[in-house]
Amino acid sequence: MAMGRHQPALLGGLFIGVLSSLPVISSANVCCCLWVVAGGVLVVYLQQQNKPEPVETADAVLGGLFAGLIGAVITCIVQYFLMSITGDLWQDAIRQQFENSEIPPEVRDMVNNVLTGRSIWVLMLAFTLPMNAVFAMLGSLLGLAFFRKKLPPPTQQG
């Protein structure tokens, strides 16, 4: 069964989003955005499975870009739901840390305002989108090194 043109990027984005959202497993992203890079590699692997000729660099990089963006959106949506399930626990923990430190009250109030409401989601998305896009594109370049089919040597015609 052949994959559609965009299916590798969708599957790579799903891979990135799910693994980057799971509480314990997501900690691997601390090390060089592991799941994001792996999602970019997965995109190229899937792209190459569909083609008899080598995957073009531009196709691989665009697939990685889209996978990173899709993964970022999935990650932020899942994080939103996880944080709303845990309620104010994480906000209270941060507030407690601020109260025990010597941070000026103005800064403390500003951080508390950002942590309440939808501002935190905008910040999360603003950070996650470009990071995932860049690292998934790097992963797709790595995937080219691993999975791109070699061109056959030119035949001599005489």
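It should be noted that the structure appears before, not after, this text.
Parameters at a glance
- Residues numbered from 1 in each chain as written.
- Predicted model: local features only at pLDDT ≥ 70, side-chain atom pairs only at ≥ 80, totals over all residues.
- Heavy atoms only, no water.
- Core = buried A, V, L, I, M, F, W, Y, C linked by side-chain atoms within 4.5 Å.
- Buried < 20%, exposed > 50% of the residue type's maximum accessible area, 1.4 Å probe, protein only.
- Contact = heavy atoms within 4.5 Å.
- Axes fitted to C-alpha atoms, helices over the stretch in contact; angles between N-to-C directions.
- Helix = DSSP H or I, 4+ residues; strand = E, 2+ residues; numbered from the N terminus.
- Left-handed = near helix turned anticlockwise from the far one by under 90°.
- Nonpolar A, V, L, I, M, F, W, Y, C, P; charged D, E, K, R; others polar.
- Expected span 1.5 Å × (residues − 1).
- Phe/Tyr/Trp six-rings, centres within 6.5 Å; stacked < 30°, edge-to-face > 60°.
- Salt bridge = Lys/Arg side-chain N within 4 Å of Asp/Glu carboxyl O.

Trainee: Which parts of the structure should I look at to understand the nonpolar core?
Mentor: Soluble globular proteins: nonpolar side chains tend toward being buried together. Ile-16, Cys-33, Val-36, Val-43, Ala-67 and Ala-136 form the largest nonpolar core, which has 6 residues in total. Contact partners of Ala-136, with chain neighbours within four places excluded, come to Ile-16, Val-36, Gly-40, Gly-64 and Gly-68. Within the second largest apolar cluster, 5 residues are counted, among which are Cys-76, Ile-120, Trp-121 and Met-124.

Trainee: Sorry if this is basic, but what is going on with the packing of helix H3 (residues 57-86) against helix H6 (residues 119-147) here?
Mentor: For any two helices packed against each other, the geometry comes down to the angle between their axes and how far apart the axes lie. It is at 7 Å that the axes of H3 and H6 come closest, and there the two elements cross at 145°. Taken as a pair, H3 and H6 cross one another with a handedness that is right-handed. Looking at side-chain class alone, the contact of H3 with H6 contains 18 nonpolar, 8 polar and no charged residues.

Trainee: Just to check I follow, could you spell out H3 for this structure?
Mentor: Each α-helix winds once per 3.6 residues, and so residues spaced three or four apart point in a common direction. Between its terminal C-alpha atoms H3 stretches 43 Å, which fits the 44 Å expected from 30 residues at 1.5 Å a residue. Among the residues of H3, Ala-60, Gly-63, Gly-64, Ala-67, Gly-68, Gly-71, Ala-72, Thr-75, Cys-76 and Gln-79 are the ones counted as buried. The inward-facing, buried residues of H3 contact helix H1 (7-21), helix H2 (34-49) and H6.

Trainee: Hey, could you run me through the packing of aromatic side chains in this one?
Mentor: The geometry of an aromatic ring pair comes down to the distance between the two centres and the angle between the two planes. With the rule as written, the count across this model stands at 5 aromatic pairs. Considering the side-chain rings of Phe-15 and Trp-35, the 6.2 Å spacing of their centres and the 80° angle between planes classify their relative orientation as edge-to-face. Separated by 20 residues along the polypeptide, Phe-15 in helix H1 and Trp-35 in helix H2 bring together distant segments of the chain. Seen in terms of ring centroids, Tyr-80 and Trp-121 are 4.8 Å apart; in terms of plane orientation they differ by 75°. Their pairing is edge-to-face. Pair noted here: Tyr-80 is in helix H3 and Trp-121 is in helix H6, with a separation of 41 residues, a long-range link. Look at Tyr-80 and you get partly exposed, because its relative accessible area is 31%. The rings of Tyr-45, Phe-146 and Phe-147 are connected pair by pair, giving a single aromatic cluster.

Trainee: Is there a simple way to explain the pattern of salt bridges in this structure?
Mentor: Opposite charge on two side chains lets them pair, provided their charged atoms get close. For the structure shown, the criterion picks out 1 salt bridge. Here Asp-59 makes a salt bridge to Lys-51, at a shortest N to O gap of 3.6 Å. For Asp-59, a relative accessible area of 26% corresponds to the partly exposed category. Residue Lys-51 is classed as partly exposed on the basis of its relative accessible area, which comes to 22%.

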